[in-house]
Structures are given as C-alpha cells and as structure tokens.
Amino acid sequence: MKSAKELLQHFQKQLAAITSLNTLEELKIEYLGRNGRINQQLKNITQIDPSERREFGQELNTLKEQITQEIELKRKKLLQIESTKQTIDTTLPAKSYPKGSLHLVTYAIEEISHIFEKIGFIRMSYPEVEWEFFSFEALNMPSDHPARDDFETFFMDYEPHKEHGKMVLTPHTSSGQNREMRRLGKPPIRMINIAKTYRPNWDASHVPMFHQFEGLCVDKRINITHLKGTIDYFAKQFFGEERETRLRPFHFQFTEPSFEVDITCDICQGTGKVNGEKCRLCKQGWLELGGTGMVHPNVLKAGGIDPDEYTGWAFGFGVERVMMMKPGIGLNNMRLLYDGDIRVLEQF
Amino acid sequence: MEYLETDADPYEMQKYLSLSGPSIETVEKVGDDYVFDIEITSNRIDMASVFGVAQEAQAILPQFGKKAKLKFNPLEKYTFDNLHAEPVPTHKLDVTIEDPELCSRFTAMVISDVQIKPSSEIIKRRLELSDIRSLNNVIDISNYLMLSLGQPTHMFDFDQIKDQKMILRRSKKGEKMTTLDGKEFSLPGDDIIIEDGSGRIIDLCGIMGGENSSITEDTRNVLFFVQTYNKRHIRKTSMTTGQRTMAATYFEKGLDPERVESAFVYGIDLLLEATGGHASSELVDLYPHKREEKKVKVYLKDIHRVIGVTIDEKKVTAILEDLGFTVKRHENEELAYPDGVYFEVTVPTYRTDDVDIKEDIIEEVARVYGYYNLPNNISPLIYIKQPHDMEMLFKTISKSKHYLKHIGLHEFINYSMVSEELLKNLGMDPSKHLKLSNTISKEIEFMRRSLAVSLVKNIKDNQGKKDILKIFEIAKIYTPRNEDLPEEQYVLTIAVTTDFFDLKGIVEGLMRELNINNYTYETKETDLLSQNTSTAIMSEDKQVGRLGMLRKEYAENMALTEDVYIAEIDFDFIQNNYSITKPYKDPITTAMVKLDATIDMKERVYGELEKKAYNASHLLQDIEIIDRYKENLTIRFYFADPSKNITEAEAKHELETILKQI
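Numbering of residues begins from 1 in every chain and follows the order in which that chain's sequence is written. Each chain gets a letter, beginning with A, and each ligand a number, beginning with 1, in the order they are written. A pLDDT threshold of at least 70 governs which residues receive local features in this predicted model, and a stricter bar of 80 or more applies before side-chain atom pairs are shown or counted, although totals over entire chains, interfaces and linings include all residues. Note that water and hydrogens are dropped before the side-chain values are worked out from all heavy atoms of the structure.

Description of the overall build of chain A
Here comes step 1: A count of helical and extended segments in chain A gives 11 helices and 11 strands.
Here comes step 2: Throughout, radius of gyration means the C-alpha value; the globule benchmark is 2.2 Å times the number of residues raised to the power 0.38. For chain A, whose C-alpha radius of gyration is 39 Å, the value lies well above the compact-globule estimate of 20 Å for 348 residues.
Here comes step 3: Overall, the C-alpha framework of chain A stretches about 125 × 50 × 45 Å when taken along its three principal axes.
Here comes step 4: Residue exposure (1.4 Å probe, protein chains only): buried if accessible area is under 20% of the type maximum, exposed if over 50%, otherwise partly exposed. Out of the 348 residues belonging to chain A, those deemed buried represent 54%.
Here comes step 5: Any two residues whose heavy atoms approach within 4.5 Å at even a single point are treated as in contact. Residue pairs in contact within chain A that sit at least 24 positions apart in sequence constitute 67% of those at least 6 positions apart. Only runs of H or I of at least four residues qualify as helices and only runs of E of at least two qualify as strands under DSSP, and these elements are numbered from the N terminus.

Remarks on the overall build of chain B
Here comes step 1: Check the secondary structure of chain B and you find 19 helices and 31 strands.
Here comes step 2: At 39 Å, chain B has a C-alpha radius of gyration far larger than the 26 Å of a compact globule built from 662 residues.
Here comes step 3: Taken over the C-alpha atoms alone, chain B extends approximately 125 × 70 × 50 Å along its principal axes.
Here comes step 4: The burial tally for chain B puts 55% of its 662 residues in the buried class.
Here comes step 5: Residue pairs at least 24 apart in sequence account for 68% of intrachain contacts in chain B once pairs closer than 6 positions are excluded.
Here comes step 6: Reported accessibility uses the Shrake-Rupley method at a 1.4 Å probe radius. Residues are deemed covered only where the shown protein chains occlude them. If you sum the accessible surface of chain B, you get close to 30800 Å²; carbon and sulfur atoms cover 47% of it.

A word on the packing of helix 12 (residues 388-406) of chain B against helix 15 (residues 500-513) of chain B
All names here are of chain B.
Here comes step 1: Interaxial angle, 0 to 180 degrees, is taken between N-to-C directions of lines fitted to C-alpha atoms, where a helix line uses only the stretch in contact. It is at 10 Å that the axes of helix 12 and helix 15 come closest, and there the two elements cross at 130 degrees. With respect to helix 15, the axis of helix 12 lies oblique. Like other packed secondary-structure pairs, helix 12 and helix 15 cross with a definite hand, here right-handed. Two secondary-structure elements touch here, helix 12 through Ser400, Tyr403 and Leu404 and helix 15 through Ile506, Gly509, Leu510 and Glu513.
Here comes step 2: Gly is placed with the polar residues, together with every amino acid not listed as nonpolar (Ala, Val, Leu, Ile, Met, Phe, Trp, Tyr, Cys and Pro) or charged (Asp, Glu, Lys and Arg). Tallied by class, the residues present in the contact of helix 12 with helix 15 amount to 4 nonpolar, 2 polar and 1 charged. Angles below 35 degrees are treated as roughly parallel, those above 145 as roughly antiparallel, those between 65 and 115 as roughly perpendicular, and all remaining angles as oblique. Crossing handedness is read from the near helix: turned anticlockwise from the far helix by less than a right angle, it gives a left-handed crossing, and turned clockwise, a right-handed one.

As for the domain arrangement of chain A
Here comes step 1: Segment limits for the domains were obtained from an automatic or database-derived domain assignment. With domains assigned, chain A is organised as domain 1 (4-85) and domain 2 (104-345).
Here comes step 2: One C-alpha centre belongs to domain 1 of chain A, the other to domain 2 of chain A, and the line joining them spans 82 Å.

Brief notes about the domain arrangement of chain B
Reports often express the size of an interface as the amount of accessible area lost when the parts come together.
Here comes step 1: Taken domain by domain, chain B holds domain 1 (4-71), domain 2 (80-286), domain 3 (294-369), domain 4 (388-577) and domain 5 (593-661).
Here comes step 2: Put simply, the middle of domain 1 of chain B and the middle of domain 5 of chain B, counted by C-alpha atoms, are 86 Å apart.

Comments concerning the pattern of salt bridges
Residue and element names in this part refer to chain A.
Here comes step 1: For this document, the term salt bridge refers to a Lys or Arg side-chain nitrogen within 4 Å of an Asp or Glu carboxyl oxygen. Enumeration according to the criterion identifies 75 salt bridges over all chains in this entry.
Here comes step 2: Where Lys236 meets Asp232, a salt bridge forms, and the shortest distance between an N and an O atom there is 2.9 Å. With Lys236 and Asp232 both in helix 8 (residues 224-239) and 4 residues apart, the pair spans about one turn of that helix. Asp232 carries the same exposure label as Lys236, and that label is buried.

Quick notes on helix 9 (residues 300-307) of chain B
Residue and element names in this part refer to chain B.
Here comes step 1: Most of helix 9 is tucked away: 6 of the 8 residues are buried.
Here comes step 2: Residues of helix 9 that are buried: Leu300, Asp302, Ile303, His304, Val306 and Ile307.
Here comes step 3: Positive phi shows up at Gly308, right after helix 9, with a value of about 95 degrees.

Brief notes about the sheet that holds strand 31 (residues 632-639) of chain B
Residues and elements named next belong to chain B.
Here comes step 1: Strand order in the open sheet formed by 3 strands is 29-31-30, with antiparallel pairing between adjacent strands. This sheet does not close on itself; its edge strands, each paired only once, are strand 29 (593-600) and strand 30 (620-629). Strand-to-strand twist across the sheet, computed as the mean angle between neighbouring axes with direction ignored, equals 25 degrees.
Here comes step 2: Here, strands pair whenever DSSP counts at least two bridges between them. Here 8 bridges tie strand 30 to strand 31, and the two strands are oriented antiparallel to one another. By the bridge assignment, Asp622 is partnered in strand 31 with Tyr638.
Here comes step 3: Along the sheet, helix 18 (residues 606-616) makes contact with strand 29, strand 30 and strand 31, crossing strand 30 at roughly 150 degrees.
Here comes step 4: Along the sheet, helix 19 (residues 648-661) contacts strand 29, strand 30 and strand 31; its crossing angle with strand 29, the most-contacted strand, is approximately 25 degrees.

Here we look at the sheet that holds strand 25 (residues 520-522) of chain B
Residues and elements named next belong to chain B.
Here comes step 1: Read from one edge to the other, the open sheet built from 7 strands follows the order 20-23-24-28-27-26-25, with strand pairing classed as mixed. The sheet terminates laterally at strand 20 (410-411) and strand 25, the two strands that pair on one side only.
Here comes step 2: Where strand 23 (residues 470-481) lies against strand 24 (residues 484-496), 11 bridges are found, and the strand directions are antiparallel. Bridge assignment links Lys470 to a residue of strand 24, and that residue is Val496.
Here comes step 3: Relative to strand 23, helix 12 is tilted by about 145 degrees, and along the sheet it contacts strand 20, strand 23 and strand 24.
Here comes step 4: The strands touched by helix 14 (residues 452-462) are strand 23, strand 24, strand 27 (542-550) and strand 28 (565-570); relative to strand 23, the strand with the most contacts, the crossing angle is about 145 degrees.

Quick notes on a negative patch on the surface
Residues and elements named next belong to chain A.
Here comes step 1: Without a salt bridge and with relative accessible area above 30%, a residue can belong to a patch; like charges are then joined within 9 Å and nonpolar side chains (Val, Leu, Ile, Met, Phe, Trp, Tyr) within 5 Å. A positive count includes Lys and Arg, and a negative count includes Asp and Glu. His and the chain ends are not counted in either. For this purpose, a charge sits on NZ of Lys, CZ of Arg, CG of Asp or CD of Glu. Taken together, the side chains of Asp49, Glu52, Glu55 and Glu59 make up a negatively charged region of the molecular surface.
Here comes step 2: Here Glu52 lies in helix 4 (residues 50-85).
Here comes step 3: We classify Glu52 as partly exposed; its relative accessible area is 47%.

Concerning the interface of chain B and chain A
Here comes step 1: Taken together, the contacts link 89 residues of chain B with 92 residues of chain A.
Here comes step 2: Here the buried area means the combined drop in accessible surface, using a 1.4 Å probe, for two parts upon being joined, counting both sides. Taken over both partners, the interface formed by chain B and chain A buries close to 7900 Å², and the fraction arising from carbon and sulfur atoms is 60%.
Here comes step 3: On the chain B side of the interface with chain A, the three residues burying the most area are Ile413, Tyr415 and Leu485 of chain B, jointly 10% of the side's total.
Here comes step 4: Connecting chain B to chain A are 8 salt bridges.
Here comes step 5: Residue Lys358 of chain B is joined to Asp308 of chain A by a salt bridge in which the shortest nitrogen-to-oxygen separation is 3.3 Å.
Here comes step 6: In the analysis that follows, any N or O atom pair within 3.5 Å is treated as a polar contact, provided that within protein one partner can donate a hydrogen and the other can accept it, and provided that, for residues neighboring in sequence, both atoms belong to side chains. At the boundary of chain B with chain A, the tally comes to 45 residue pairs in polar contact (both at pLDDT 80 or more).
Here comes step 7: Top element by residues in the side of chain B that touches chain A is helix 12 of chain B. It accounts for 7 residues.
Here comes step 8: Considered class by class, the residues forming the side of chain B that touches chain A number 37 nonpolar, 27 polar and 25 charged.

Description of the pairing of strand 12 (residues 201-204) of chain B
Residue and element names in this part refer to chain B.
Here comes step 1: Pairing of strand 11 (residues 192-195) with strand 12 involves 3 bridges; the strand directions are antiparallel. Along strand 12, the bridge assignment pairs Glu195 with Ile201.
Here comes step 2: Linking strand 11 to strand 12, which pair antiparallel, is a turn of 5 residues; within it Gly197 sits at a positive phi near 95 degrees.
Here comes step 3: By the bridge criterion, 2 bridges tie strand 12 to strand 13 (residues 208-209) in an arrangement that is antiparallel. The residue bridging Leu204 from the neighbouring strand is Met208, located in strand 13.
Here comes step 4: Hairpin remark: strand 12 followed by strand 13, antiparallel, with 3 residues in the connecting loop; positive phi at Gly206, about 75 degrees.

Points about the nonpolar core
Here comes step 1: Note on terminology: a nonpolar core comprises buried Ala, Val, Leu, Ile, Met, Phe, Trp, Tyr and Cys residues joined through side-chain atoms within 4.5 Å. Counting residues in hydrophobic clusters, the biggest one holds 144 residues, and the most contacted among them are Ile112, Phe213 and Ile224 of chain A together with Ile307 of chain B.
Here comes step 2: Membership of the second largest hydrophobic core comes to 56 residues, among which are Ile189 of chain A together with Leu393, Ile397 and Ile537 of chain B.

Brief notes about the packing of aromatic side chains
Here comes step 1: Only Phe, Tyr and Trp rings take part, Trp by its six-membered ring, and two of them pair if their centres are within 6.5 Å. Stacked means planes under 30 degrees apart, edge-to-face means over 60, and tilted covers everything else. Considering all chains together, one arrives at 34 aromatic pairs over all chains under this definition.
Here comes step 2: Aromatic side chains Tyr3 of chain B and Phe51 of chain B sit 5.8 Å apart centroid to centroid with 70 degrees between the ring planes, which places their arrangement in the edge-to-face category. Of this pair, Tyr3 of chain B sits in the segment before strand 1 (4-6) while Phe51 of chain B is found in helix 2 (residues 50-60), placing the two residues 48 residues apart along the sequence. Like Tyr3 of chain B, the residue Phe51 of chain B is buried in the burial classification.
Here comes step 3: Among the aromatic residues, those joined into a ring-pair cluster are Phe116, Phe121, Phe213, Phe234, Phe238, Phe239, Trp313, Phe315 and Phe317 of chain A.

Here is the structure:
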C-alpha cells in the first residue's frame, strides 16, 4: 500500500508526460474513476487501525482534491495548445450566399411610405392611364395650358370620354387628388400617392417614365405652417436631422400659393462654400427639392369640397430625384436606373 | 438701378428676392456691373424685365430692413400723351387684321431718314452683359426694350415691304418663308403671319421677322412694330418649327396689351435719339378690346386663415401697394375686428392673367411677408382608414420583393411602354394593346400587357454580362376595355436563364414565404411558353399564373443565346391569399417509419402520383425523392400516426396500399 505522498508523486510524473486530452481523460479515470486508485485506497481503510482512520481519510481527500485540480489545470493548458494548433487563412473567400438586389426606386418608395405613415398618411394608388379631366381640369389646368400639349403629355390613341376628355398617361401624381376627394366624399384627407408618371422627354438625363410621390392634406384650418412643418419633417427624416428647408414662391396651376422647397446642401452643409471655393452642387447652400403649395380652391371645388370651409396643402416630388439627393447614394443620372444594365442595378 | 433706388447690395438682393419673389440663380460681377441670372415662373412674365424685378424689389427689400423705391414708373411715364414724335405723314400704313382672335393689339409707326450705325456704349454694354449680341442702333433697341419692359418688338426695313401693305392672318399649311436667321420654313399652318399683299410673308409673328424685310446697313426707313398675340398660336408655331426665340418665350406666356403703349412710346424715344430719324407716318394702334383692370375682394381673416399667422393690416396694404396693386379698405362694423375687414384690390392689367381670386392676393401677401417668418407645424394628426386591399397590396409587394432579393434575384423596373417590334417578336398582336398617339420613339409606343416582354428584352440586353441571370419585376399591365380606362392589374414576372426546376423552386419558395398553398399545377395551352415545358398555376379552377420555357421561335426572334424560363403570377392572387403564418400543428412525437420504394415513371406523372399517395394513406406524412435513375424514381415515404406509435408492419401495409393505388 502506497502512501498518499507516493501516490501523488507517481500521478504527477504521469501527468507531466501527458500531451493529449484523451490520455488526460484516461489518467483521470485511473485515479478518480469508480475503480480508480483513490477509491482502491479507500477500500483499504478497514485494514487500518481505527485510531488512524480519520487521518488516513483526510489525507486521501486532500489528495483527491489536489489531483482533481491538477487535472483541470492540465486540461486548460491542453485546450489552449489545442486551439492554437488549429489555423485558418481567414482571408480566404467565404462561402457565398445569394445576394439579389432591389431597384433603387423600391427602397425610396418604402422609406417614403413609412415616413408618412408615421404621421397618419395612407398610401393609395390610382390609374396611371387617366382621363384628361383628372390630370388637368380637376387640377385647374385649362385646355390651353402648355402642360396639356403634345410636347408635355403622352396621349393615347383612344376615343375620348364624353365628359372626361382624352386618355392620357399621367404626367404627374396629382391626378390622384381628385380621385381621393371623390373616394372619401369629404375631408379629412391625408393621402400619399407614389406612382409612375410619364413625360415625352428622353435624352441623356431625362427618361419618359419616372416616379413621383404626392402628398395631400385637406381639413378644416389647414394653413401654410402645416405644409411647411410637414415638409420639414419629411426632409429631416429622409435626408437627416441636420438638414433645413425653406419655401420659395413659385407657380403651379393646382396650388395657390405655390412654393418650391429647397433643402440645405449636404456637400457644403448649407454654406455654399467648400474649402473657400463655391460649392459646385448647390446654389448658395440650397438644393431644389420639388414643388408644393396650398390646394387651389378650384381643385377643392372640382373634388366637391367647399374651399371656404376647408383648406389643404399638396406636394409632388420626384422619387428618383430625392433618392439621388440622399447622401451616400452617389448616383447622379436617372437614366442609369432605366437603361436595364444588370451591372448597375445589382449594386443596390 | 435705372429704376430702383436702394441701399441693398447685389448679394443681399439675390438672397432676399429669391426668398420672396423671383429666384436669382447667380450674381456675376463684370467690371463695375453686376449681372443677375433670374428664373421667372411662367405666370409672372410681367416680371421678366428690369422694371418687373425692380418693382418686386420695392415690395420685398423693405421686409428685410432695406430701403427700396422706384425712381419712376415707366408705365406711367411712357404713354401716347407723351409721344414725342411729331409725324410728317409722308408714308401711309395700310394694316389689316383678318382675324382679331390672333392679335389683341397692333401698334406701328415709320421712322424715316435713319442712320444705321453701332449703338451707344451703354446700350451695347447692357445687351452684351445680358448675352445678346449688339448689331446696330435699330435692332439693339428692339432687344433693349424687351429686357427693360418685357415686351418684344420688331423693326422692319419699310422700303422692302411691297405696296406698303400689311395683312395679319393665319398661315396656310405649307406656305414658305425664310426668317431673318436665314432658315427656310414650310409653315405648319395656323401660324400668325404678316404678308405684304403680294403673298410675300414678311413676319412670322411673335417669333422672328422675315429675311426679306430685315434691317440692313442700307435701311433708311424703319417700320417699328409693337404687338401682343394669341399665346396659343405662338407656342404651337414655336414648338413645331423649333424656333425657340426669346420673343416667342415671352409671347407664348401671354403679354399685357396695355404695356404695348409704354414699350412703343419708350421705343420711339430711343429710336429718334439713336438714329437721328423722324416719324413719317401716323401712329397705327389697333386695339379692339381694351383690357380693363379687375378687382378682387379679400377678407383680412382669410389672409390670416390661410397663412396661419396674424399679419397687421397696414403691412398687408403696404405690401400690395408696393407690388402695383391699389387697395381700398372696407369694414363691416357689425362684426368683431378683424372679421369684418376686407380689401377691394385693383389688379394692374399686367397681372390680369395671374391674379384672379382671393388666394392669389393671399399669396402675394404671404410671400412678401416671408415664408421664412412662418413656424413649422406638423399637420394635425387624425386617423384615416387605409382601404384593406391597398394595405395588403403594398405589404405583399414589399414582402415578395424582399424575399426574391434575398434568394438572389435582381429587380428591374421597365417602362410601361414597349415597341411594336418587341411585341411581334414575342408573338403578340400590337393591335390588342393601347397605343400612344404622340410617342417620341418607336421603343415606347404600346402599353404592355405582359411584363415578360420587357424581361425577355432585359435578358437579351444583359447576355454575356453575367453567367446566369435571375430577374423579376412587379408592375401594372394595361388591358384595354371598351369605352373605359384600361384595367390596371399588378403582375409578378420572373425570368431566369437557369432551368425549369430552379424557376419552379423560386415560385414555390415565394409561396411558402407568404404562406400561400391553395394552388395546383395544370398543363394548359399557352401562347408565350413552350407546350411541353410549361405549366399553368391554378387556384380554385382559375388560372392565376404560369411558368415554363420561352418558345424557341421567340428566343430566336430575340437572338437569345440560351433558353429563358419565365413565370408570371397575377398579383391579385398573392395579395388575396397571403397570410402572416400558417396554422400551428402539434409536432409529431410518435414513431415515424421511413420506407423507400423505387417506382417506374414511364407511364406516370409525379404530381398525380403524389396526390394519389396522400389519398391512399392517411398515415403518410411526407414524401421525398431520394434518387433518380433513368425512368425510375426512388421515393422515401414517411409514415406516422400522431396519436400512437405504429409498427413497421403497419407502415409496410400502408405502402402496399399506396403502390396499388398509383
């Protein structure tokens, strides 16, 4: 029968020789297992003088604890060695998962819808092939308005409607205004219409089809401050909190007063200067965002709404335009979005 | 500064005017002068002149604490009463207007014994700073007047006009003339022209004079012309002939016939001084319908209501008067202030077309008061119900697009219009499509009734750019109807260059993602796709889509180098059958027995087999194809009874039943 001390020395010798987790596990069983050396020793306790049994037991317990600790220590060391043994060239290419793309306009539409949804505007959809009435008359654009001629609007080869005139491709999303007024019957109206629009213009920087988003708000006591605040809200949400907006007088048939919205330039932070030079992107720190205004009383009337009781505002901005103005997009020619080159589209 | 006295510097003017009036795009310093590039909106053609901008400045600059006052008003200074010409009527002017519709005012006079020479330095410099080439002392005056007052005028060599006769009339289609820039035109018809009685056209009115009567170095007698024309005719002629002259851009906006008088008198003053000539004909002034000033009534409370802030009524009056309006205040004493206060505003004739209703007056006040002075308020929140179908449409479009993107497809957005050639190449009949009557290109002439036509073209255009192409589009198609707008229906179309089963997997993956399972496949006659490599997607006995290989003959028409597989699904079907998740089922925890069987498929169709198998055994939980060899399929059948453990013998019995049924 070996003394505890001898047993420990023997164990430590064996332990020092171990280089793998498997043999360590074997050693552990050899000493600490059910039939291991420690338990074997314990079985011998009956052969010991009863007065020494207590001390014998304590010694064995201490030994067991020490062996347990040393094995754990050794295991950690071995694991450390094990994990450094394994090496990977982490710069090798990864397993590839499919990566598709969405059209830039899709992202813009989703973001715009979300921004307006938060303040209670519902997204709607209306005909894109429309009667002249909804595209023009209902928007206070008389028949001699230049926007109605062949150079500004696509017409369809189709028998005109008795009341609503010729069939056109919507040159703007504003044709949805009258449609929404008719659908609801009376205010309040909070509508956003994002749709395809068409103009006979196709060259290096123009496309015959593009997208607009139209906002319409009609209610009692709606005034210019609401238009201003809502557009400022949109601009800050879409472009960034640090951006400022301003309104400049403009002219549109379907709004009165009419405005053009400008937003501070992100390149020069609205200063108009980059490193002391004139900013090449903007005019004195401002970029044009689009057109807006208070809904013209004739437009309200055409929608069956009393302009003395209700007022409203509306805007129509270009989807591609605002998206291209978003910092970090880096695309500046709308045509690229519609030339159908996979190498362009797959980037988004 | 000819008209305006102010202490604002040019850059302050730029900033302030842009905020409240005409947008000054750039200010350029040239020597001691500053040149403004100004954008004028189409309704304010009266502002497209030095005087017009000065008048705006008079109203706007004081709002920014700057002094601004008109030195004089040319509209008041230059009137026929002050015409300095004392004509010796040696020349007779014989003017006829055939159709008064065409010309609202016609003034003319002959100045004789002129000396053609370069203009004075000041006129030369001002024109050149405005990017107008200085030609001589006569023609320059015409341009100078246009810049000063916004009224184009014209000068003729009077001796070149045969019989000294002028007939203003509509052109006939095909009549020929050469404008003074040497371009020859065959007129489109319905243009406003002046002929000299012999059929010789001397003026393409409002656009450009004829070469045959232009001012040359030898001109001795000048005929000076100031008119206003019907704007519609001018625009049409200018657009169709492509002669986008400065004069045309003025006339097509509609000019004030009252201002003709000031431009005329100022012009005669300048001509006499510059040429040393003298008036030699009577003044001709044909002005059948005098334009009257109109009045608009506006309540102070409405001004406040629309602008959203309270503006002092004295400020309202001052703003309007500085802009050239006359304001008369009235008050209904029975109403509490300010509800009874209203203004009777007289609109100057040059604003007749632009100011019509009280909102127009409100705009004038609001813009000069300054939009920058107004607070930002979000529109009051209120709940409006979005129609359920709209909500589902946008939601499912978005979910579908993102799913397809995540499994590696690329979204395209194509024009809604396609070419006749493309339709024909894909076996479609152009006459069944809505057609544009004024397209600008053959490429975009017909409203598409299938997105596949566009996607096939996309594949063709991108051949060779990628090894495989997997693309999709979700958009409307336009189906013509009788005496109505076309039906606009959303469709999802996918095109891939891989194979049928890849495409089918995409379609089924999408359906699984959207939890749609009420559809089956059925072989059907189809136009675009090959008969034996395509299938219809059916739901409740209705066809809701199809998928398969593009017919070889169409692929050849399109010069495609590989087969293209196309799936088309009506979006209505997706929108109406989408659900957020499928119903929960307890997981099967009892024993599952798997049994394999190899089946000869020579006389069988897998879809049928599967259907029959499920019908034959209610313990059958799943089927999986594990091997395929020639005509043989090795199929693994999974049997279980959720309520108790089954034995292998029971499962074998089920399999035998199945094999008998199929």
